[in-house]
Each structure stands twice: as structure tokens, then as C-alpha cells.
Amino acid sequence: MHVTTPGLMMDGPLLVRGIAERAEQLFGHREIVSRTHDGVERSTYAEVVERARRVASSLQRLGVRPGDRVATFGWNSVRHLELYLAIPAMGAVLHTLNIRLFEEDLHYIVGHAEDRVIFLDASLAEAMPRFEGVEHEVLMPDGPGARDGALDYEQLVADGDAGFAFPDVDERQAAAMCYTSGTTGRPKGVVYSHRSTVLHTLIANQADSIGLREVDTVMPVVPMFHANAWGLPYAAAMAGSRQVLPGPRMAPADLAALIAAERVTFSGAVPTIWQGMLQLDPPPDLSSLDRVICGGSAVPEALIRAFDARFGVPLIQAWGMTETSPMASVSHLPADPPADEDARYRLRATQGRIVPLVDFRIDEESGGELQVRGPTIASTYYEDESAAEKFTDDGWLRTGDVAEVDEGGYIRLVDRTKDLVKSGGEWISSVELENAIMAHPDVLEAAVVAVPDERWSERPCACVVRSQGSELDGDALRAFLADRVAKWWLPERVEFIDEVPKTSVGKFDKKVLRRRFAGA
Ligand code: ADP
């Protein structure tokens, strides 16, 4: 006879509401600093959660029901944080809109998600198009800026109920959604559940992932309008960390000044931002930083070295995608690190080890593609017929990233499946070649794209941004690369450009470069 023994523990749902309630109960006094157009606003978790209750009750009064999509179009700000808590906690779905997308994509996304209400920053009032079907716009006052017909955020707060009790919801219901930029076809909607969001927050706060603590002052530079700011707002709220939200001024010099003024200990941003800080003259005061996280695109080893040398700040690489909540791997040195310094840097420049609760495998049949599955990974896209292409028949997400894994389980992304250069039947990793080029002291940025070649079918073309005043030429660069990469990887074509074109989320836009150079 088959006997089962049920566990005898309570069964509580994992809800975003719980993150808000904990912050209110335990960390009510901890400060939230939010920079506006011309100053800073200071509040606390107690005020933020009370205002979230008020906004939620006002939304309910406007007719928003559980499951309805409510969008945001905003910078990283205290009001955005209030909405990160209020909208999921009331059972509605927080839909963050990427403010940098093309208007056509925005129209598609808002229509596809059927957003009923949109919250927008006053500073973005002119940038945001008018959407059909949206019943209410709500203006958040982060500076000057007006919008005909919009409701006023502060009025919704004032009219709301401070004692509004967040309802019970099913942990498997949607908490938030975010569309990926989609390199092919239409943007695709990833829908996070309460459960996946809480699990991701717990994963983020593992000591060997980003491990936020109450004593930290956390500044998410990664936008709240894309991929949940890597989960930092929730992770900080769960830990009780003080938060500094940088608002509309996102230039490296402004961010560095805010880090120094507010004594930020932890921050997360894409490589371009940290690269930008290295260029500042005079050098910024980053002495308050304890560590920073970097990802979203490959982190050059040279950047990690420069941060150690210049600022004494460990730059930790993480990898993920919108579909993975987003953090899926983090690179910390192992308990038995290599004795050799170069080997340690090589390891830190990998994408690291996969986070707990997520499984990974490399699919050799699809050219070494990294595939993942787990409770923080999307299982499909929101009402999308082409979704099946991104998932295997046995239920794994196809990341589109090509990876190698070393014996310690460290993942090294060698490329996107679509960015590899196929030369004479062999693969050249555009990412590794870029890294080797960016190790040259005169190179600010470099992107490698495939160009058609009669003999080899494809060859790498290096698009290089020189530092100011440098006279580096193709021959000198090839000489520098000669003992760093295989001979047949050396790019015969080196194009010097003023800047590498970037996508809406700050990644190298290789499509543009391919268009520009592949024909020529
Ligand atoms: P989008 O799909 O809109 O470009 P995502 O943020 O979801 O935005 O992009 C995910 C992709 O970004 C990953 O599949 C990977 O190619 C790239 N990426 C993210 N982090 C890293 C990293 N640390 N190193 C290299 N590539 C990365």
C-alpha cells in the first residue's frame, strides 16, 4: 500500500503585498530619496506604503478590478515605487512601459495589454503619445509639465483611503508585465506572477547573488520601466534598504554626484553607465560604494579591472533577460579562487553561476544555446501565437544566448545566436572579439558585426570608438590583437565610428551597424 505523509506547515501565498507590509511594519522609518527635475524629495517606507494604499483605493474607485492592466510611463522615482507596490498588491497588473520605445511599438503594446489606466511622469508628458482605449491618464509631478485631461496623482493620494486593506489574491495570478524589445517580430509580453516575483526577490537577496541588507543604500539606475529594474526595488524593500531613485537625470556625471551626496552603497546599471563614470574628469567620488552590479550586455573584463584600480569597487556581473524575472546568473568568485590574478579576472568576466531554483542546460544541437527553466522563468508570452518558437517541446526557455560552461559551473556567454560570425565554417564570437578590442587603452567602445565575404562567407568587421585624441589605426589594433585572439579572428576591416548605436535599453544595436557596413 502506498502511504503519503503530508507536510504539516502552513500554506501562505507568496504575494507582493507581503513585501509592502513587511517594509511598513519593520522598516517604516527607512528613507526613500527621489530626485526630481530640480531637487530631491525625501520620504520613508511608512509613507510610501500608506500612499500605495491610498492610490490603490482610488484606482478601485475609478473601476480598476483585479486582473486589469495598469501601465506606468516613468523614470525611477518614489511615485513609481509606490505603484510597484500598490498595483500588484490590489490585485491589478503593473505594466511598465519602456519610455524609449518607438511610438508604433508603444501603441501596439498598450493595445495588446489593454491597459485601462496609465501613470506618467510630468517630465515625460510631451514624449508620451495618446493611446486609444486608455480610460485615464494620471500625471505624476516630477517637475514642470502638463497633460490635458489627465488626473493628478497627488489628488488620487489625497482622496484615497489610508487604511485600505490589500486584498487576498492567488499567488499564481499576474502581478506585473513587461514587453521585451523583440529583435524579430512584435514585442512580446512577459507576465510575472506574485509567486515568481517573491521568489525572485528572495533569490536576489541571497548573499551570493546581490544580497541587499538593511544597512545598504541602494540606487537602481537600471530603469523601473524595463525588466523591473532587475528586481532591485522589491529586493531593497524586502531587506529594508534605504533607496535612492535617480529620476530623469541619467547622465553618468549626475548619477555619480548623487552617489556621493547620498552615500550610496549599492547600485546596478548597464556597462555603458559605468564606462561613462570612468571617463569623468575630474574623477567622481565613489568612495561610499561597497559593490555594484552590472549586466544587460556583456561586461568587458577591462571595465571590471578599471573599477578595481580606479575606485576600489568590485563590479559584479549578472546575466538575465526580461523572460527570467530578470536575474538568472551572478558572477562571484568561488570559495577556492584561482591563485593567478588574470585567471580571477577571467572568471569575474563570465556571467557567473545560475541562481538557485533555476535549472540550465546547453543545447549543442542549436549551436550551444543556453536554455533555462524554473519558477522565475516565463513559460510563454501573453496572448502571442509565435510564443512556441522560444520554448522547447520539453518546456525550457530558449534564451538565444550561446554559452560555454566551465567545470565550476561558470557560464560564459560567447554570443547571441544571431550575432555569431561564421567564417569558413567556423564560429567567431563577436563578444570575445569585442572584449579583446576594448582591452586596448585607446578604445572606448567596440562592436563587431558579420559582413558578407565571398571566400569565407562571413568575416568580422570591427566598429571602434577611439578615446579623444587617439590616432589608433587598423594596423596598430590588429598588432595589439595578434597575441590575444586566433589569427583567423583578426578583423581585416576596422571602421572608426563616433559612437556605437544603442537600442532603447542601451545595448549595442548591431542591426544598425550591419545595415551600415555589411552592404559596403
Ligand atoms: P531585450 O530582450 O528587450 O533586449 P532583455 O533585457 O530581456 O531585453 O535582454 C536580454 C539579453 O541581454 C540576454 O539574452 C543577453 O543576450 C543580454 N545580456 C544580459 N545580461 C548580459 C550579460 N551579463 N552578458 C552578456 N549579455 C547579457
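Residues numbered from 1 in each chain as written. Predicted model: local features only at pLDDT ≥ 70, side-chain atom pairs only at ≥ 80, totals over all residues. Heavy atoms only, no water.

A. The arrangement of the domain arrangement of the protein chain in detail. Domain parsing of the protein chain yields domain 1 (12-205 + 219-249), domain 2 (251-322 + 338-417) and domain 3 (421-517). Computed over C-alpha atoms only, the centres of domain 1 and domain 3 are separated by 39 Å. (Domains from an automatic or database assignment.)

B. Here's a closer look at the site of the ligand. Contacts to the ligand come from 18 residues, most closely from Ser181, Thr322, Asp401, Arg416 and Lys507. Within the side chain of Gln317, one N or O atom sits 2.8 Å away from a nitrogen atom of the ligand. One of the side-chain nitrogen or oxygen atoms of Gln351 is found 2.9 Å away from a nitrogen atom of the ligand. For the ligand, whose free accessible area comes to 570 Å², the fraction covered by protein is 87%. At the level of elements, strand S14 (315-320) and strand S20 (411-416) are the ones that each hand at least two residues to the shell around the ligand. Looking at the shell around the ligand, the element that brings in the most residues is S14, giving four residues. Here the shell around the ligand spans two domains, since at least three of its residues come from each of domain 1 (12-205 + 219-249) and domain 2 (251-322 + 338-417). (Near = heavy atom within 4 Å. Polar contact = N/O pair within 3.5 Å; in protein donor to acceptor, adjacent residues only side chain to side chain. Areas by Shrake-Rupley, 256 points an atom, 1.4 Å probe, with all protein chains shown as cover. Helix = DSSP H or I, 4+ residues; strand = E, 2+ residues; numbered from the N terminus.)

C. Summary view of the pairing of strand S15 (residues 327-330). For S14 and S15, the ladder comprises three bridges, and the chain directions are antiparallel. Paired with Trp319 across the bridge in S15 is Ser329. The turn joining S14 and S15, which pair antiparallel and follow one another in sequence, is formed by six residues; a positive phi near 85° is taken by Ser325. Alignment of S15 against strand S16 (residues 353-354), held across two bridges, turns out to be antiparallel. Counted as the bridge partner of Val330 is Arg353 from S16. (Pairing = 2+ DSSP bridges.)

D. Broad picture of the sheet that holds S15. One open sheet holds the nine strands; their spatial order is S2-S1-S11-S10-S12-S13-S14-S15-S16, and the pairing between them is mixed. Taken across any chain shown, the strands that pair with only one partner, and hence form the sheet edges, are strand S2 (40-44) and S16.

E. A look at the packing of helix H10 (residues 301-311) against helix H11 (residues 341-348). Packing of H10 against H11 brings their axes to within 9 Å, and their N-to-C directions diverge by 115°. In this structure, H10 meets H11 at a crossing whose hand is right-handed. Contacts from Glu301, Ile304, Arg305 and Asp308 of H10 reach H11 at Asp342, Tyr345, Arg346 and Arg348. Residues belonging to the contact of H10 with H11 are distributed by class as follows: two nonpolar, no polar and six charged. (Axes fitted to C-alpha atoms, helices over the stretch in contact; angles between N-to-C directions. Left-handed = near helix turned anticlockwise from the far one by under 90°. Contact = heavy atoms within 4.5 Å. Nonpolar A, V, L, I, M, F, W, Y, C, P; charged D, E, K, R; others polar.)

F. The arrangement of the packing of helix H2 (residues 45-61) against helix H3 (residues 78-89) in detail. Look at H2 against H3: their axes get within 8 Å of each other, and the N-to-C directions meet at 60°. It follows that H2 is oblique to H3 by the angle criterion. The two elements H2 and H3 meet at a crossing, and its hand is right-handed. Counting all contacts with H2, which are made through Val48, Val49, Arg51, Ala52, Val55, Ala56 and Leu59, the residues of H3 involved are Val78, Arg79, Leu81, Glu82, Leu83, Leu85, Ala86 and Ile87. (Parallel < 35°, antiparallel > 145°, perpendicular 65-115°, else oblique.)

G. Highlighting the state of the cysteines. Within this structure, the stated rule accounts for zero disulfides. The thiol of Cys461 is unpaired, and the distance to the nearest cysteine sulfur, on Cys463, comes to 4.2 Å. (Disulfide = S-S within 2.5 Å.)

H. Representation of unusual backbone geometry within the structure. Omega for the bond connecting Asp281 with Pro282 falls within 30 degrees of zero, at 0°, which places this linkage in the cis form. Mapped onto the elements, Pro282 comes out in the loop between helix H9 (271-279) and strand S13 (291-295). Positive phi values are uncommon outside glycine, yet Arg263 reaches one of about 50°. Counting through the fold element by element, Arg263 comes out in the loop between helix H8 (252-262) and strand S12 (266-269). Its identity is not glycine, yet Ser457 carries a phi of approximately 70°, on the positive side. Considering the arrangement of structural elements, one finds Ser457 in strand S24 (residues 457-466). Accessibility expressed as a relative area gives 43% for Ser457, which makes it partly exposed. (Buried < 20%, exposed > 50% of the residue type's maximum accessible area, 1.4 Å probe, protein only.)

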